[in-house]
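# Report on the structure
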Amino acid sequence: MPNRQNPAPRRDGSTRQTYIDQMLEGPDGRTVPVQVNVGESPLSWLHARGKLSRRLYEAGEQVRRDMQAAGLGPRVTMVWDGQPSQRQRRGAGMPPGAADRHIAARARFDGAMIAAGPGLRDIVWRVACAGEGLSAAEKAMDWPSRAGKLVLTLALERLADFYRIP
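This part covers the nonpolar core. The biggest cluster of nonpolar side chains holds 28 residues, and the ones touching the most others in it are Val63, Ile123, Val124, Leu152 and Leu159. Where this core is concerned, the elements lending two or more residues are helix 1 (42–48), helix 2 (54–69), helix 3 (98–116), helix 4 (121–129), helix 5 (134–140) and helix 6 (147–162).

See below:
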């Protein structure tokens, strides 16, 4: 586990990590100050601490990748691509086959959400796709404490079956 003075290198080669101070409720009900690495996803946090198996972690990461590939993630800015001319069949700057990959990712994402089921897709969306922490997702959905992990595990099992992850 990297420490704050000597962080591990990231995929892009940099070692900069951003930590924020938060107050979390401990198992005994007392509030505890913690430092959170904002670059770490909730799924990777759970997996690194043994709370999620490799299979469930990969299922959550796959649905997140499909969501991003389908263009369903939030946009930071406006798309400034020009309108395609009458002579062009593709949009401006779009590589060949990009539309097909986009459509396939959207179909996989929609299929995964259907496979998760109506009662479970909300927690998958919040934690795996939007990167919301379990406790924040539980509060937003007005669930009891620690119910999110159980429901997330059930949803990720269904996604792992859908994606045929061994």
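Moving on: unusual backbone geometry. Positive phi values are uncommon outside glycine, yet aspartate 142 reaches one of about 60°. In this structure, aspartate 142 sits in the loop between helix 5 and helix 6. Of the residues examined, aspartate 142 reaches a relative accessible area of 70% and is grouped as exposed. Its identity is not glycine, yet arginine 164 carries a phi of approximately 55°, on the positive side.

Here alanine 69 lies in helix 2. Along the sequence, alanine 69 and isoleucine 103 sit 34 residues apart, while their C-alpha atoms lie 8.9 Å from each other. Contacts of alanine 69, omitting those with residues within four sequence positions, involve His102 and Ala105.

This part covers helix 3. Here helix 3 is 19 residues long and its end C-alpha atoms lie 27 Å apart, about the 27 Å a rise of 1.5 Å per residue gives. Taken together, the buried positions of helix 3 are occupied by Ala98, Ala105, Phe109, Gly111, Ala112, Met113 and Ala116. Each element contacted by the buried residues of helix 3 is listed here: helix 2, helix 4 and helix 6. In the segment just after helix 3, glycine 117 is the residue with positive phi, at about 100°.

Model confidence for the protein is summarised by a mean pLDDT of 79, while 64% of its residues fall at 70 or above. Throughout residues 1–10 the model reports pLDDT below 50, and contacts reaching past four residues in sequence, or to other chains, amount to 15 contacts.

Before going further, it helps to spend a moment on the packing of aromatic side chains. As enumerated under the stated definition, the model contains two aromatic pairs in all. Judged by centre distance (6.2 Å) and plane angle (70°), the ring pair of phenylalanine 109 and tryptophan 125 falls under edge-to-face. In this pair, phenylalanine 109 is assigned in helix 3 and tryptophan 125 in helix 4, connecting sequence segments 16 residues apart. Relative accessible area serves as the criterion here: at 6%, phenylalanine 109 is assigned to the buried category. Between phenylalanine 162 and tyrosine 163, the ring centres sit 5.1 Å apart and the planes meet at 75°, which makes this aromatic pair edge-to-face.

Relative to the helices and strands, glycine 111 resides in helix 3. Taking the C-alpha atoms as reference points, glycine 111 and valine 63, 48 residues apart in sequence, are found 9.9 Å from one another.

Enumeration according to the criterion identifies seven salt bridges in this entry. Here arginine 64 ties to glutamate 61 by a salt bridge, and the two come within 2.5 Å at their closest N and O atoms. Here the residue arginine 64 and the residue glutamate 61 both occupy positions in helix 2, the gap between them amounting to three residues, near one helical turn. The exposure class of glutamate 61 is buried, given its relative accessible area of 10%. A salt bridge links arginine 108 to aspartate 66; the shortest N-O distance between them is 3.0 Å. On the criterion of sequence distance, the pair formed by arginine 108 in helix 3 and aspartate 66 in helix 2 is long-range, its members being 42 residues apart. Classification of arginine 108 by relative accessible area gives partly exposed; the value is 34%.

The rules behind each value
Residues numbered from 1 in each chain as written. Predicted model: local features only at pLDDT ≥ 70, side-chain atom pairs only at ≥ 80, totals over all residues. Heavy atoms only, no water. Core = buried A, V, L, I, M, F, W, Y, C linked by side-chain atoms within 4.5 Å. Buried < 20%, exposed > 50% of the residue type's maximum accessible area, 1.4 Å probe, protein only. Helix = DSSP H or I, 4+ residues; strand = E, 2+ residues; numbered from the N terminus. Contact = heavy atoms within 4.5 Å. Expected span 1.5 Å × (residues − 1). pLDDT = per-residue confidence, 0-100. Phe/Tyr/Trp six-rings, centres within 6.5 Å; stacked < 30°, edge-to-face > 60°. Salt bridge = Lys/Arg side-chain N within 4 Å of Asp/Glu carboxyl O.

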